[in-house]
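Residue-level structure breakdown
Okay, here's what each chain looks like letter by letter:
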Number of protein chains: 2
Amino acid sequence: MSARIAAIVGGGVIGGGWAARFLLNGWDVRIFDPDPQAERKIGEVLANARRSLPGLYDVALPAEGKLEFCATIAETVAGADWIQESVPERLDIKHRAIREIQASARADAILGSSTSGYKPSELAEGAANPAQIMVAHPFNPVYLLPVIELVPHPGTDPVLVERAQALLRSVGLKPLRVRKEIDAHIADRFLEAVWREALWLVKDDIATTEEIDDAIRFGFGIRWAQMGLFETYRVAGGEAGMAHFIAQFGPCLQWPWTKLTDVPELTDELVQKISSQSDAQSGMHGIRDLERIRDDNLVGIMRALKRRDWGAGRTALEHDALLLSGRAAPDWSQPVLTIERVIPRDWTDYNGHMNETHYLELFSRASDRIMELVGCDAAYIASGGSYFTVETHLRHLDEAHAGAKVRVTTQIVEGAGKRLHIYSRLFHDDGRLLATGEQMLIHVSLETRRAAPPGGVVAEGLAVAMAGQSALDRPDGLRLGRS
Amino acid sequence: MSARIAAIVGGGVIGGGWAARFLLNGWDVRIFDPDPQAERKIGEVLANARRSLPGLYDVALPAEGKLEFCATIAETVAGADWIQESVPERLDIKHRAIREIQASARADAILGSSTSGYKPSELAEGAANPAQIMVAHPFNPVYLLPVIELVPHPGTDPVLVERAQALLRSVGLKPLRVRKEIDAHIADRFLEAVWREALWLVKDDIATTEEIDDAIRFGFGIRWAQMGLFETYRVAGGEAGMAHFIAQFGPCLQWPWTKLTDVPELTDELVQKISSQSDAQSGMHGIRDLERIRDDNLVGIMRALKRRDWGAGRTALEHDALLLSGRAAPDWSQPVLTIERVIPRDWTDYNGHMNETHYLELFSRASDRIMELVGCDAAYIASGGSYFTVETHLRHLDEAHAGAKVRVTTQIVEGAGKRLHIYSRLFHDDGRLLATGEQMLIHVSLETRRAAPPGGVVAEGLAVAMAGQSALDRPDGLRLGRS
């Protein structure tokens, strides 16, 4: 089968994002954009997409399609399966683009518009082929965020709407079929409401842009990455349910704010409507289940942000550092306590216990801790020396489950010259030995990426450690190194 | 040092969440709540907190403090360092609670209110000790979400505000000091605006509660978990910057929506204010850097949601399945291609290459794939049989970096009876051998958690595989099993 063809009319950040999403999923992509900078600008969007989108998936994407910049709309859209219009947000410009597109497009191509404000019926006014026109409104960055608001007008061919949904899904997107057209569709109405409120807060010196952003991203923003407004409030309503929540909070959380706005009257009929829609949406989960789903999602998101040292993740990292800050210097005459922690819920696999990957994560962090304790800390690593693991041997002796408190004690078997031979034991809080992890590390120069003797501070740190550690019994079952 | 004492006046979901946050960080907690169900309800919040909060951290939390339910406010607050008022949202009830609290509280205790609507000066009207009163407004679930809107009134003692911030940080929270009091503080004003808009959309049949939630959680909700409104728009504005963005979008994304609302006039002064605040907030990062920070965060969040099979994570899992769906049956006369993927950016460690943990993640998934191919798939596992890894040997031969395409080929060394001995090779797309992973797995009964022979379907699948695999050369350097 030859590749499908996407025609992108209007480049920029949005058109470029569409181009990337199609191209990286194996479609051929043709672009029309009169901006002389278009090729550079779209090249930058594509570079961002190439560095981030493939890593989202646990399977390689297909080979990229063919990318072509065209001189005319006619050339761009001829034979295309999907035509995406992302020209500037003015109705006369959009009408002109649509006229040109339809002069050369296949009659059964999807003609999607990226408009954030116009209704599809406005776009279709006076069009040669209104049946193929629909809004397909994406969110920036288009190559990463999945949702597309798909809004047909009454004259859009339902067969094409169906096909559009299937094609969007085939490139990893999540079409959200909007049932009635309205200015700005759905999500942008919310963004608009928040934007308006935020402008007032800045103008009135209640908050700076940074404080507003923090109020969002350290709080409800994290919630909204996984559940929306209604499901979140359903959980907040607790056992009493959604109708109770609405009764409690009413049309506004507080009356004074309604002064300047028109608020729908909360008739019994509206309460009933929300309540039954919420049942259809979330009723398959009990409230206790929803709470746990929410909590596991929130912890997962914040743990992901810890890896990025960003936002709520940074707050958690700072707390880790505070919790560690009181630790005494190690007693090198014993195996060293390197890890003491609780197993997060998302470390569980299909066997209902901690996945093996996280056993190595624990042992790897134990080795990191030993490195730190002998002087191979962040500052030392920044100076160009470090250790690379060359070999690892793991034995699984017992199971561990989410929520269990575990600890790792670590012994340095050999620490001299370039070699660092480490043996760690993972214990459950109840005393059971769960696993052992043996690792051979080699000191390297981070510049040459080759073995090199450690610097003075680490050599001395190791000597201090080994003065105690070398008196310890050799662990049973060593498999690596000279043993 | 004896533990600090938190007094929780008013239980429920919010008071219970505060109790959990303090208790799990080693504080003693006393609770007053006249609801006869209070102990059960708070017990449920505590159970949720205990199952989720510790896993957020990579260090164990301190031992829990002592939890006590008290019969009077006097008993609850006496000697407490932090008193948190979470009684129902009515000013007369709050005033009565504050009166009772202050009759027995230390004068230098923090008296925080969880109010989502009232200003601290309203709470302090007629109080015996206004200086200790401030709003400390949390977000549900209080035991997980970090932000606390901390709002003093003009008469609050600044020393206590400082201390409040330090104490909140010491239990892992993120105090957001609000500089001017206003109804509903900051975040709830946004939630209110969205709630209002959402009610209209449901009432007018534009969208159901589920569609509204999807518009949020598959799009801007994911963005807001890591950057707020202004930083997101700064990035969207691109090279032209924040002032350009505002000029383009104006006070509203579209004019028609302002009909019912009062919108601030976008004077040069206001544009300048936003622009310079945004510079102070984000100016240390270039736009290209911000784009990449954003993208890496978004991928990290969506990958976290993949592990939960939820929301945007489920969308990505479905795309994985689609990408895999065309695969041909394996040719057992060769090592089997088990993994082909790109290395995500957050697999990189301080050495600037893929962390060892993810080498095992790849090999572990390769073993999962082999299990699946011989018939030990999700349905088989649901029927009670599976394989557990008992031993692993990894060799690191070369480095791998984020963005690299890699593949794993896997060979079954032995697959008979209970034993499954696997050997995988990890290759860079350019052909370099990066690592080898050898694993010994044992078939188990998931009920007894002990070794057991595999069921017929797997025994047969293995026989088919081994008919081809046993003719392959034994890999070099096997360390496990009978070899």
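Examining the sheet that holds strand E6 (residues 133-137) of chain B
All names here are of chain B. Within the open sheet, the eight strands sit side by side as E3-E2-E1-E4-E5-E6-E7-E8. Their pairing is mixed. Looking at strand neighbours, the two that pair on one side only are strand E3 (67-69) and strand E8 (174-177), the edges of this open sheet. Across the sheet, the mean angle separating the axes of adjacent strands is 25° when strand polarity is ignored. Where strand E4 (residues 82-85) meets strand E5 (residues 110-113), four bridges bridge the pair, whose relative direction is parallel. The residue of E5 that forms the bridge with Ile83 is Leu111.

Thoughts on the interface of chain A and chain B
A common way to express how large an interface is: the accessible area buried when the components associate. Taken together, the contact between chain A and chain B spans 154 residues of the former and 154 residues of the latter. By residue class, the composition of the side of chain A that touches chain B is 77 nonpolar, 35 polar and 42 charged. Of the pairings in the sheet, the one linking strand E10 (residues 385-396) of chain A to strand E10 (residues 385-396) of chain B comprises five bridges and is antiparallel in character. Within E10(B), the residue paired with Thr392(A) across the bridge is Leu394(B).

What about the environment of Pro344(B)?
One can find Pro344(B) in the loop between strand E9 (336-342) and helix H14 (356-373). The class of Pro344(B) is buried, set by 22 C-beta atoms lying within 10 Å. In this structure the C-alpha to C-alpha distance between Pro344(B) and Ser367(B), which are 23 residues apart in sequence, comes to 20 Å. Not counting residues within four places of it along the chain, the set of residues in contact with Pro344(B) comprises Gly55(A), Val299(B), Arg303(B) and Ala402(B).

Topic: the relation of the copies chain A and chain B
Mapping chain A onto chain B calls for a rotation angle of 180° and an axial translation of 0.0 Å; the resulting RMSD is 0.0 Å. Between the two chains, the operation in question is that of a two-fold axis. Most of the interface of chain A is mirrored in chain B: 100% of its interface residues are interface residues there too.

Describing the confidence of the model for chain A
Residue and element names in this part refer to chain A. Mean pLDDT over chain A works out to 92, with 96% of the residues at or above the 70 mark. Segment residues 254-260 is flagged for pLDDT under 50; beyond a separation of four residues in sequence, or across chains, it makes twelve contacts in the model. Among the scores for the predicted complex, ipTM is 0.93 and pTM is 0.93.

A look at helix H16 (residues 456-469) of chain B
For H16(B), with 14 residues, the first-to-last C-alpha span of 19 Å sits near the 20 Å given by 1.5 Å per residue. Looking at the buried residues of H16(B), the elements they touch are helix H15 (378-382), E10 and strand E11 (405-416) of chain B.

Quick notes on unusual backbone geometry
Residue and element names in this part refer to chain A. In the segment running from Asn140 into Pro141, the intervening peptide bond is cis, with an omega of -5°. Even without being a glycine, Arg449 presents a positive backbone phi close to 60°. Within the element layout of this structure, Arg449 appears in the loop between strand E13 (433-445) and strand E14 (450-451).

Let's talk about the domain arrangement of chain A
Residues and elements named next belong to chain A. Each domain of chain A was delimited in the assignment, giving domain 1 (5-177), domain 2 (213-326) and domain 3 (327-469). Between domain 2 and domain 3, the C-alpha centre-to-centre distance is 39 Å. With six residues of domain 2 at the contact, the number on the domain 3 side is four residues. Each residue belonging to the side of domain 2 that touches domain 3 can be placed in one class, and the counts come to two nonpolar, two polar and two charged.

Looking at the pairing of strand E12 (residues 419-428) of chain A
Across a regular strand the side chains alternate sides, sitting on one face of the sheet and then on the other. Residue and element names in this part refer to chain A. Among the ten residues of E12, seven are classified as buried, and the element is accordingly described as predominantly covered. Pairing analysis gives ten bridges linking strand E11 (residues 405-416) to E12, with the strands arranged antiparallel. By the bridge assignment for E12, Glu414 is matched with His421. Adjacent in sequence and paired antiparallel, E11 and E12 are bridged by two residues, among which Gly417 carries a positive phi angle near 55°.

A word on the packing of helix H12 (residues 287-307) of chain A against helix H12 (residues 287-307) of chain B
Axes are the key here: two packed helices are described by the angle between their axes and the distance separating the axes. In the contact formed by H12(A) and H12(B), the axes pass within 8 Å of each other and the chain directions differ by 145°. Judged by the sense of rotation from one axis to the other, the crossing of H12(A) with H12(B) is right-handed. Counted together, Asn297(A), Gly300(A), Ile301(A), Arg303(A), Ala304(A), Leu305(A) and Arg307(A) of H12(A) and Asn297(B), Gly300(B), Ile301(B), Arg303(B), Ala304(B), Leu305(B) and Arg307(B) of H12(B) form the full contact between these two elements. Looking at the contact of H12(A) with H12(B), its residues break down into six nonpolar, four polar and four charged.

About the criteria used
- Residues numbered from 1 in each chain as written.
- Chains lettered and ligands numbered in written order.
- Predicted model: local features only at pLDDT ≥ 70, side-chain atom pairs only at ≥ 80, totals over all residues.
- Pairing = 2+ DSSP bridges.
- Helix = DSSP H or I, 4+ residues; strand = E, 2+ residues; numbered from the N terminus.
- Axes fitted to C-alpha atoms, helices over the stretch in contact; angles between N-to-C directions.
- Contact = placed C-beta atoms within 7 Å.
- Nonpolar A, V, L, I, M, F, W, Y, C, P; charged D, E, K, R; others polar.
- Buried ≥ 20, exposed ≤ 12 C-beta atoms within 10 Å, placed from the backbone.
- Least-squares fit on C-alpha atoms with pLDDT ≥ 70 in both.
- pLDDT = per-residue confidence, 0-100.
- Expected span 1.5 Å × (residues − 1).
- Domains from an automatic or database assignment.
- Left-handed = near helix turned anticlockwise from the far one by under 90°.

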